[in-house]
Amino acid sequence: MPEISSKISSYEIHNGTLREPIPKNLLGNAVLDRMGDFEAGSYQSFVLTYTAGRFGIDDSGSIRVVFRFATDQTNPQFDDPKAPGFTEIFASNNAVLEARFDPKGNIRPWDRTLQIKVVKGFMKEGDTITVRFGVTDHGGAGMRLQTFCESKYEFRVLVDPIATYNFQTLPAQPAISIVPGAPKTWVAVVPSTITTGEPFSLKIKAEDTWGNPTNKASMRFIAKSNWPIENLPEFIEFNAGDFSTEIGGLITTRTGPLEILLCAKDGSLVASSNPTIVSDTPAFKSYWGDLHGQSDETLGTNSATDYFAFGRDLAFLDACAHQGNDFQMTDTFWKDLNRVTSHFNQDGRYVTLPGYEWSGNTALGGDRNVYFPVEGRTMRRSSHALIEDQSDLDTDCHTAGDLFEAFADNKEWDVICFAHCGGRYADITKAHDGRFEKSVEVHSAWGTFEWIVEDAFKNGYRVGIIGNSDGHKGRPGASYPGAGWFGAVGGLTCFLMSELTRSSLIDCINARHHYATTGGPSGRMRLEVSMSFDEPATHCLDDPLLKKNYKTKQCSEAMMGDIVLLSEGAAHLKVSVEAAAPVCTIDIFNGVDHLECYRPYAESDLGDRITVLWEGAEYRGRFRAVSWDGSAFFDEATTASVVPVNFFNRDKKIDMRSGSELSWQSVTTGNFAGFTAKLKDSKSGSITLKTPLINESVKLIDIGYEGKVLDASDILPRRIQMFRLPDKNPHKSVTIKRKLEPQMGKDNPFYVRITLEDGTQAWSSPIYILREIEN
């Protein structure tokens, strides 16, 4: 297994210069009173003791206890002894200490900072500073640990002994290991496309309450399927100590939708496999990927080797890539990372792409994901902000435009880029080059960003739509938000390819033959979008905007991502969805124009279920979260049951205060959340909603098939929508056909958005229909 040999943390940064650390005996040391394994998301208490070294700490000197960016643990606080995270600090020599917590108080990735300053007195060698994290003496719950696993979780201590504000890292750091908890849910995964007569595998795992795969599960399953499968055992043993199990060599000779059920010994359903179709000769197979995330060599968690192993073995991905911030990636780590991607890349099993995140500020173009078809290529950074070696500054590209130009100047035509919305969101109106930038990222753990798709259409770009996690928790392909301020589950992309190879993946991305989903339990929905034509049509194998001598072929049909010249006649759209949860809506778009919202049930089917969804973002940048903490009150109707929608953070829940009142805590970051309530007397009286943005009453009788929208939009959409559902919605498999008339004088990017009842969404890459091609 490749080893990662370089981490920036072995050096100290002062005024932009990295310096070797001071010897241990001069700085002192720090220890924890408790070591070992601790459950993710559990409440704990720790005592950290720092003992001053030969230098001591001068008057106004400080120590810092810092934690990584990604952690979602309880922040230290000093004001409420009965609340979680209460922290006490004292010095052995009675020096007066001043403590404060600053989430951006140190250099990334160790930016979450508890700073303790000596304000009266000083510390000599052997004196101690004691920090009690998660004090429970006064009734507090303790310190809630981060909700995701980490093999070495440091309480990293830095010291400024001379009071120069030049903090030095202790050579040895106190650390614990954060491990998964008891099983909460089970996951069963099969390929989304299966060929008759060819072997396939069933993969199974258990997840704890925070979505961590856990080895604390033990179960004997009864395996059932909707038709006989060769080599599927009657019983499947999942043993304690295992993180996953795989049943290989399964074969079926029957075609159609296949379902495998895992049942307990009493016959109750424990898990069902994701939707899959068995075909004799599928033209394309569905392969699932997450091409965007980080490890602890940059801003994430656990090593790059752990990262790729998780994606393959615990998220059951077919394709994966790593995207470290370029200004933090040393040349040594870049070489190490290339060795890791090469090691894990295995055609037919698991495909990786070498790459990095070009992390320029938004004013310079914003984040871009960069991928190469082979290892060993040049990393063209946005800057060397956290890199000691300055010898290759000449390869830096300070703007996204410079980056694209450098690729072109060096004839690197095989580079692939995506526009990404993280902290530094991509501004594709400022810079875009379709020769390299093939897709825009509509969804990640940061939220949902339909505005970037609309930006592309408004500017005439022909791009695909991608979904990734941009996960920082070491869980590519299964990136849950935990208890932090990330507002969504990480996304997935389904790549439609003839085979699982690196070259096929690159061809697929270049052809935009893929669709994005919001991930999560229902994230592996099957989506087919195609068009047929009454009149002769021409499939443009290259984008005519980018190549003068583009290749073409005659066609009568097209799939998502295709560019088609159709001089006259109608286009017949066909959309097929197979999902694990009922389909709520299918929205059809022509670019920024919304053509139709289709619901698979009739108005006469409506019953007593009311759905209330809030959605939106404050603005495009990093602090986009909208608070929707609020309540709903029914003045005459009463709630028989309530089902939360997109409540991923276990700390933020919906509570039924009574039969007529609900309350909740919720944030959105461009995505949506809410609830579906089954009501008694569902058309009597009103519902009153109280949130920070919207306070309004609506008569229940007015909430019907089309629904009601309460709008508080500002820079971006912020709104609440309410609509009525059937008492039972059986429509997990839906196919619709529509006749569309492409417009003259413009691109017609026809695409669909699928929304399921449980809040999962998917977006197809557009089929671009052109009436004419401009010279």
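Check the entry above for the structure.
It should be emphasised that the depicted structure is a prediction, and the values quoted were computed from it without experimental measurement.

Draft legend 1. Layout of the environment of glycine 134. Within the secondary structure, glycine 134 is located in the loop between strand 11 (128-133) and strand 12 (143-144). A relative accessible area of 1% means that glycine 134 is categorised as buried. When the C-alpha positions of glycine 134 and glutamine 77 are compared, they lie 9.1 Å apart, and in sequence the two are 57 residues distant. If we ignore the near neighbours within four places in the chain, the residues touching glycine 134 are Gln44, Ser45, Phe86, Thr87, Gly142 and Met143.

Draft legend 2. Main features of the pattern of salt bridges. Evaluation of the coordinates by the stated rule reveals 38 salt bridges. Between glutamate 412 and arginine 377 there is a salt bridge whose closest N-O contact spans 3.5 Å. Highlighted residues: glutamate 412 in the loop between helix 4 (400-409) and strand 32 (416-419) and arginine 377 in the loop between strand 31 (368-371) and helix 4, separated in sequence by 35 residues. Residues glutamate 412 and arginine 377 agree in their burial class; the two are buried.

Draft legend 3. Structural context of the environment of valine 374. Tracing the sequence through the fold places valine 374 in the loop between strand 31 and helix 4. Classification of valine 374 by relative accessible area gives partly exposed; the value is 41%. For the pair valine 374 and arginine 502, spaced 128 residues apart in sequence, the C-alpha separation works out to 9.0 Å. Here valine 374 is in contact with Pro354 and Arg502, once residues within four sequence places are set aside.

Draft legend 4. Representation of the sheet that holds strand 11 in the model. The sheet built from 4 strands is open, its strands ordered 3-6-11-8 with antiparallel pairing. Across the chains shown, the open sheet's two edge strands, defined by having one partner strand only, are strand 3 (28-32) and strand 8 (88-91). Averaged over all adjacent pairs, the angle separating strand axes in this sheet is 15°, with direction ignored. Judged from the 5 bridges that link them, strand 3 and strand 6 (residues 46-52) form a sheet pairing that is antiparallel. Bridging across to strand 6, asparagine 29 finds its partner in threonine 51.

Draft legend 5. Looking closely at helix 6 (residues 502-511). If you check which residues of helix 6 are buried, you get Arg502, Ser504, Leu505, Ile506, Cys508 and Ile509. Trailing helix 6 by a residue or two, arginine 512 shows a phi angle of about 65°, which is positive.

Draft legend 6. Local environment of unusual backbone geometry. The omega torsion across arginine 108 and proline 109 is 5°, close enough to zero to call that bond cis. Position of proline 109 among the secondary structure elements: in the loop between strand 9 (96-102) and strand 10 (112-120). Here the phi dihedral of asparagine 646 falls at roughly 60°; this positive angle occurs in a residue that is not glycine. At aspartate 681, a residue that is not glycine, the phi angle is positive and equals roughly 60°. Considering the arrangement of structural elements, one finds aspartate 681 in the loop between strand 51 (672-680) and strand 52 (686-690).

Draft legend 7. Quick look at the pairing of strand 53 (residues 695-699). Bridging between strand 52 and strand 53 involves 5 bridges; their strand directions are antiparallel. Within strand 53, the position partnered with threonine 688 by the bridge is serine 697. In this antiparallel pair of consecutive strands, strand 52 and strand 53, the connection spans 4 residues.

Draft legend 8. Highlighting the packing of aromatic side chains. Scanning the entire structure with this criterion turns up 30 aromatic pairs. Directly above the aromatic system of phenylalanine 167 lies the positively charged group of arginine 64, at a separation of 3.8 Å from the ring centroid. The positively charged end of lysine 205 is found above the aromatic ring belonging to phenylalanine 316, 5.6 Å away from the centroid.

What counts and how
- Residue positions are given per chain, counted from 1 along the sequence in the order it is written.
- Two thresholds apply to this predicted model, a pLDDT of at least 70 for residue-level local features and 80 or more for giving and counting side-chain atom pairs, whereas whole-chain, interface and lining totals are computed over all residues.
- Neither water nor hydrogens contribute to the side-chain values; these are computed over all heavy atoms in the structure.
- Secondary structure elements follow DSSP: runs of H or I of four or more residues count as helices, runs of E of two or more count as strands, with numbering from the N terminus.
- The buried label goes to any residue with under 20% of its type's maximum accessible area, the exposed label to any with over 50%, and the partly exposed label to all in between, with areas taken from a 1.4 Å probe on protein chains only.
- Throughout, a contact is declared for two residues whenever any of their heavy atoms are within 4.5 Å.
- Salt bridges are counted wherever a side-chain nitrogen of Lys or Arg sits within 4 Å of a carboxyl oxygen of Asp or Glu.
- When DSSP finds two or more bridges between a pair of strands, those strands are recorded as paired.
- Working convention: axes come from line fits to C-alpha atoms, limited for helices to the stretch in contact. Angles between N-to-C directions cover 0 to 180 degrees.
- Pairing of aromatic side chains requires ring centres within 6.5 Å, counting the rings of Phe and Tyr and the six-membered ring of Trp. Pairs whose planes differ by under 30 degrees are stacked, by over 60 edge-to-face, and all others tilted.
- For a ring to carry a charge above it, either NZ of a lysine or CZ of an arginine must fall within 6 Å of the ring centroid while also lying within 35 degrees of the normal to the ring plane.

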